Amino acid sequence: MTALATAPAAAEPRERRPGPLLLGVRHHGPGSARGVRAALDAARPDAVLIEGPAEADALAGLAADPELRPPVALLAHAADDPGRAAFWPFAGFSPEWTALRWAVGRGVPVRFVDLPAAHTLAATDPTWGDGDEEADGTARVDPLAELARAAGHQDPEQWWEDVVELRGDADPLAPFAALADAMTALRERYGHGGHPRDLVREAHMRLRLRAARKEFGDALAVVCGAWHVPALARRTTVTADRALLKGLPKVKAELTWVPWTHRRLARRSGYGAGIESPGWYGHLYAAPDRPVERWMTKVAGLLREADHPVSSAHVIEAVRLAEALAALRGRPRPGLAETTDAVRAVLCEGSDVPLALVRDRLVVGDVLGEVPAAAPAVPLQRDLNRLQRSLRLKPEGAERELDLDLRGGTDAARSRLLHRLRLLGVDWGEPAEGRTGTGTFRESWRLRWQPELHVRVAEAGVWGTTVEAAATALTASRARSADSLGEITALAEKCLLAGLADALPTVLGALADRAALDTDVARLADALPALARALRYGDVRGTATAALAGVAAGLAERICVGLPPACVHLDPEAAARMRDRVDAVHGALALLPAPHAAEPGALASRWAGVLRRLAGAERVPGVLRGRAVRILLDEGRLGDDETARLMALALSTGSAPADAAGWIDGFVGGAGGGLLLVHDERLLALVDGWLTGVPAQAFPDVLPLLRRTFGAYEPGVRRTLGELVARGPGATAAGAAVLVPGFAADLDGERADGVLPLLALVLGTEAPA
């Protein structure tokens with residue numbers, strides 16, 4: 001580490017003075033980890049002290065368990081407020097983890113010497129925060145940046161790689177002595193460097209160090225951040241150190257080990273002690289011999305999996321280029337910058353697209369640690385672990401998709417578990433957008449386990465000791481305290497998805513009470529779709545939904561009664577929102593099975609009558625009248641002649657242009673509206689005639705609405721409509737069909753019948769003779 005000699009006021013490495021061995025490290029540095037291991041092998045201390053919360057002493061022994069695999073973290077949370085939590089992560093290449101495994105593997109006592117988590121979790125002093133500048137105006141100092149600048153380097157990460165991660169020293173203690181001298185010079189110049197909380201932490205470390213010296217003597221090794229080494233070497237009095245700790249707030253803290261991920265070790269995740277490249281550092285630690293060759297081989301394997309052609313010759317040339325770049329740049333060995341440049345130029349052929357995959361999967365990575373069952377955990381976490389094992393749902397750091405067939409016992413149980421966790425705020429999985437069909441036997445999820453979900457599990461533990469019991473209790477509580485009908489209906493849907501039969505009576509009771517009292521048709525309309533989906537999901541999952549069906553049917557009847565008056569004299573924005581509600585209610589009624597109505601088809605007929613009232617009501621905004629006509633036409637409850645008559649009335653010269661434009665938007669807006677005009681020449685002619693007759697002064701007011709309506713059509717539909725309008729009405733006696741490219745005037749029955757065998761195969765029916 002000769003480069004460290006260029007740091008401010010750094011002297012030649014000193015011989016170690018008698019007393020504890022202070023090993024100043026960079027958190028999560030593979031070079032520091034190898035140095036710590038070599039120093040411990042050489043010194044063989046009687047006890048090892050590690051920077052970490054003092055309460056973790058009781059958990060140190062678990063590091064000997066082979067099932068505790070890094071990356072892992074110490075999780076501390078307040079016993080009475082699990083949401084108040086803190087993590088202390090360890091990777092396989094972290095010096096602290098190396099020291100911990102070295103000690104427990106040899107039966108050497110371990111002590112964690114940092115400030116107890118009980119104080120850290122209770123801290124409310126803003127000067128303990130993580131801002132960029134403290135209240136006293138002292139800017140935060142980045143020690144690595146200062147040392148790199150003194151050595152003439154602009155990139156602290158590259159400088160640290162050169163002097164620590166990529167170098168080897170015959171004397172394992174020499175790098176620590178040089179780094180201690182450099183940090184001493186920085187502390188003399190900058191004091192706490194904008195980190196006043198460090199003064200309190202270091203006071204506690206000194207007290208723990210004194211206690212350890214009394215217990216074990218001076219044959220100690222202390223592994224801590226290099227920034228703290230000068231403070232631990234400084235002579236102070238016990239009274240002065242205790243004075244700094246006096247009056248600190250305190251809560252009862254509970255600690256355990258939890259899995260962590262390489263991605264959460266990355267600086268971009270927001271972790272204060274994060275590093276730029278956890279995957280690369282992990283590789284350097286695991287492959288000290290020929291790391292560049294092994295790295296290029298891993299990159300080649302990843303790219304091949306992604307269908308990028310990479311040969312052995314590519315790998316050889318990439319290694320040569322990385323070594324040449326390192327020599328040109330004066331680096332001891334190729335670092336991440338050189339290997340990345342070589343990967344881009346050779347393996348990725350100059351493209352940053354496959355390089356982004358390498359950076360995401362290898363340079364950062366999704367490695368997820370593991371924790372043994374013996375680790376302390378709240379009962380809810382233990383139940384979740386049991387369910388994960390029984391359902392073969394292993395938590396993974398990388399995102400993956402999971403397709404479930406709800407007809408299968410295991411997949412149905414997986415679905416219930418994921419929905420119950422979402423109710424508890426543990427979002428391990430999220431339904432995949434556009435892939436989950438309402439009321440079908442298929443569900444798709446995106447799964448990714450995040451370390452902070454352990455905190456969410458601890459928080460949810462107040463509701464029960466099992467996932468089912470906790471989700472049931474929380475759902476029932478939310479139903480009783482819900483403020484709106486929509487909130488309860490959404491809860492009923494989630495309750496059925498999660499299979500919470502014990503919570504359903506409470507939810508349905510709250511739903512019936514709220515529905516009976518709510519007179520706002522808009523809120524009733526917002527609530528019905530969720531109930532309809534819940535009924536469909538209940539049928540698929542075999543859940544008893546008779547009571548829910550009764551509530552839904554009653555809600556639908558009240559909507560039919562109250563909707564027409566609620567649609568009168570609405571402003572444009574309110575009318576647009578009501579149009580969306582009409583669409584939602586129409587779709588929901590289609591999901592309600594016929595037996596839930598008083599008579600089969602009665603509710604559908606009632607709804608059709610409501611739409612007819614809306615279609616002919618003058619005081620109802622045009623967008624609602626147009627949508628009512630469109631729905632009736634699509635359902636076959638309105639003939640073509642009647643549709644043309646209603647459109648002609650809506651687009652007559654006596655209608656306000658804005659209202660007429662709204663009618664067009666309601667009628668032809670949405671899916672299928674463009675094809676409706678393509679295949680009905682009369683309707684297209686009515687729209688075209690109205691549009692060409694709009695007064696010039698009114699046209700700018702209706703243009704945005706019309707542009708939105710017609711702009712949503714597929715390009716092919718817009719092109720065909722343009723051709724039809726250009727040819728003009730009555731261009732052919734056969735009607736509009738002949739004007740449409742690809743259509744003939746007469747139907748070829750023999751060719752049309754050719755599709756019937758394929759259609760029968762898709763539908764699972766017998767083909768017609």
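Residues numbered from 1 in each chain as written. Predicted model: local features only at pLDDT ≥ 70, side-chain atom pairs only at ≥ 80, totals over all residues. Heavy atoms only, no water.

Trainee: Looking at this structure, I do not really get the overall build of the protein. What am I missing?
Mentor: Secondary structure assignment for the protein yields 34 helices and 10 strands. Out of the 769 residues belonging to the protein, those deemed buried represent 49%. Looking at the protein alone, contacts between residues at least 24 apart form 75% of all its contacts between residues at least 6 apart. Surface accessibility of the protein: about 35800 Å² in total, with carbon and sulfur atoms responsible for 53%. (Helix = DSSP H or I, 4+ residues; strand = E, 2+ residues; numbered from the N terminus. Buried < 20%, exposed > 50% of the residue type's maximum accessible area, 1.4 Å probe, protein only. Contact = heavy atoms within 4.5 Å. Areas by Shrake-Rupley, 256 points an atom, 1.4 Å probe, with all protein chains shown as cover.)

Trainee: Can you walk me through a nonpolar patch on the surface in this structure?
Mentor: Taken together, the side chains of Val755, Leu756, Leu758, Leu759, Leu761, Val762 and Leu763 present a nonpolar region at the surface, about 700 Å² in accessible area. Considering the arrangement of structural elements, one finds Leu756 in helix H34 (residues 756–763). With relative accessibility at 31%, the residue Leu756 sits in the partly exposed group. (Patch = residues over 30% accessible without salt bridge, like charges linked within 9 Å, V, L, I, M, F, W, Y side chains within 5 Å. Salt bridge = Lys/Arg side-chain N within 4 Å of Asp/Glu carboxyl O.)

Trainee: Before we go on, may I ask you to explain the sheet that holds strand E10 (residues 442–447) in this structure?
Mentor: Backbone hydrogen bonds hold the strands of a sheet together, and the pairing may be parallel or antiparallel. In space, the 3 strands of this open sheet follow the order E8-E10-E9, with antiparallel pairing throughout. Each of the sheet's edge strands pairs with one partner strand only, and the pair in question is strand E8 (400–405) and strand E9 (429–431). Ignoring which end each strand starts from, the neighbouring axes of this sheet average 35 degrees apart. Pairing between E9 and E10: 3 bridges, direction antiparallel. Each bridged residue has a counterpart across the sheet, and for Gly429 the counterpart in E10 is Leu447. Here helix H17 (residues 409–423) sits on the sheet and contacts E8, E9 and E10; the angle it forms with E8, its principal contact strand, is near 125 degrees. (Pairing = 2+ DSSP bridges. Axes fitted to C-alpha atoms, helices over the stretch in contact; angles between N-to-C directions.)

Trainee: What's the story with the environment of Ala177 in this structure? I'm lost.
Mentor: Summarising the element assignment, Ala177 is placed in helix H6 (residues 174–190). C-alpha separation for the pair Ala177 and Leu23, spaced 154 residues apart in sequence, amounts to 8.3 Å.

Trainee: Whenever I open this one, helix H30 (residues 681–692) confuses me. Can you help?
Mentor: An α-helical turn contains 3.6 residues, so a residue and the one three or four places further along point in the same direction. The terminal C-alpha atoms of H30 lie 16 Å apart, and with 12 residues this matches the ideal 16 Å at 1.5 Å per residue to within 8%. Along H30, the positions that sit buried rather than exposed are Leu683, Leu684, Val687 and Trp690. Summarising the axial view, the buried residues of H30 lie within an arc of 130 degrees, below the 170-degree limit, and thus occupy one face. For H30, the secondary structure elements touched by its buried residues are helix H27 (640–650), helix H28 (657–668), helix H29 (673–679), helix H31 (699–711) and helix H32 (715–727). (Expected span 1.5 Å × (residues − 1). Arc of directions from axis to C-beta.)

Trainee: Explanation requested: the sheet that holds strand E4 (residues 81–90) in the structure shown.
Mentor: A sheet is described by the order of its strands in space; here 3 strands give the open sequence E4-E3-E7, paired in antiparallel fashion. Of all strands in the sheet, those with a lone pairing partner are E4 and strand E7 (253–259), marking the two edges. Geometrically, the sheet is characterised by an average inter-axis angle of 25 degrees between neighbouring strands, direction not taken into account. Both strand E3 (residues 72–78) and E4 contribute to a ladder of 7 bridges, which runs antiparallel. Looking across to E4, one finds that Leu75 is bridged to Phe87. In the packing of helix H18 (residues 453–460) onto the sheet, the strands contacted are E3, E4 and E7, and the crossing angle to E4 comes to about 150 degrees.

Trainee: So what exactly am I meant to see when it comes to unusual backbone geometry here?
Mentor: What is expected of a backbone is that most residues other than glycine have negative phi and most peptide bonds are trans. Cis rather than trans, the peptide bond between Pro70 and Pro71 has omega equal to 5 degrees. Assignment of secondary structure puts Pro71 in the loop between strand E2 (47–53) and E3. With a phi close to 65 degrees, His28 is a non-glycine residue in the positive phi region. Taking relative accessible area as the criterion, His28 reaches 1% and is therefore assigned buried. At Glu349, a position not held by glycine, the phi torsion is positive, near 55 degrees. For Glu349, the position within the fold is in the loop between helix H14 (336–347) and helix H15 (352–364).

Trainee: What's the story with the side chain of Asp366 in this structure? I'm lost.
Mentor: Positionally, Asp366 belongs in the loop between H15 and helix H16 (379–390). At a separation of 2.6 Å, a polar atom in the side chain of Asp366 contacts the side chain of Arg263. (Polar contact = N/O pair within 3.5 Å; in protein donor to acceptor, adjacent residues only side chain to side chain.)

Trainee: Help me out: how do you make sense of the confidence of the model for the protein in this one?
Mentor: Predicted coordinates in regions of low pLDDT should not be interpreted in detail. Confidence in the prediction for the protein averages 83 pLDDT; 88% of positions are at 70 or higher. Note on residues 1–17: pLDDT is under 50 here. Beyond four places in sequence and across chains, it has 35 contacts. Low pLDDT (under 50) marks residues 435–439, which in the prediction has 18 contacts with non-local residues, meaning those over four places away or in another chain. (pLDDT = per-residue confidence, 0-100.)

Trainee: Please explain the pattern of salt bridges as it appears in this structure.
Mentor: For side chains bearing opposite charge, pairing can occur when the charged atoms are close. Enumeration according to the criterion identifies 44 salt bridges in this entry. A salt bridge links Arg208 to Asp57; the nearest nitrogen and oxygen atoms lie 2.6 Å apart. Placement of Arg208 in helix H7 (residues 196–216) and of Asp57 in the loop between E2 and E3 is noted, with a sequence separation of 151 residues between them. For Arg606, the salt bridge is made with Glu557, and the minimal N-O distance between the two is 2.6 Å.

Trainee: Is there a simple way to explain the packing of H7 against helix H9 (residues 238–245) in this structure?
Mentor: Helices that pack against each other are described as a pair by the angle of their axes relative to one another and the distance between those axes. In the contact formed by H7 and H9, the axes pass within 9 Å of each other and the chain directions differ by 135 degrees. One finds that H7 runs oblique with respect to H9. Crossing hand, H7 versus H9: left-handed. Taking contact as the criterion, the partners of Leu199, Val200, Ala203, His204, Arg206, Leu207 and Arg210 in H7 are, on H9, Val238, Asp241, Arg242, Leu244 and Leu245. (Parallel < 35°, antiparallel > 145°, perpendicular 65-115°, else oblique. Left-handed = near helix turned anticlockwise from the far one by under 90°.)

Trainee: Please explain helix H1 (residues 30–43) as it appears in this structure.
Mentor: In this model, H1 (14 residues) spans 20 Å end to end at C-alpha, consistent with the 20 Å of a helix rising 1.5 Å per residue. Regarding H1, the residues found buried are Pro30, Gly31, Ser32, Ala33, Arg34, Gly35, Val36, Ala39 and Leu40. Arg44 lies just past H1 and shows a positive phi near 45 degrees.

Trainee: Looking at this structure, I do not really get the nonpolar core. What am I missing?
Mentor: Among soluble globular proteins, nonpolar side chains are generally buried collectively. Ranked by internal contacts, the top residues of the largest apolar core, which has 112 residues, are Leu528, Leu563, Trp607 and Phe667. Those residues within four positions of Leu563 in sequence are excluded, and the remaining contacts are Val521, Met578, Val582, Trp607, Val610 and Leu614. Residues Trp160, Trp227, Ile275 and Ala300 belong to the second largest nonpolar core, which totals 50 residues. (Core = buried A, V, L, I, M, F, W, Y, C linked by side-chain atoms within 4.5 Å.)

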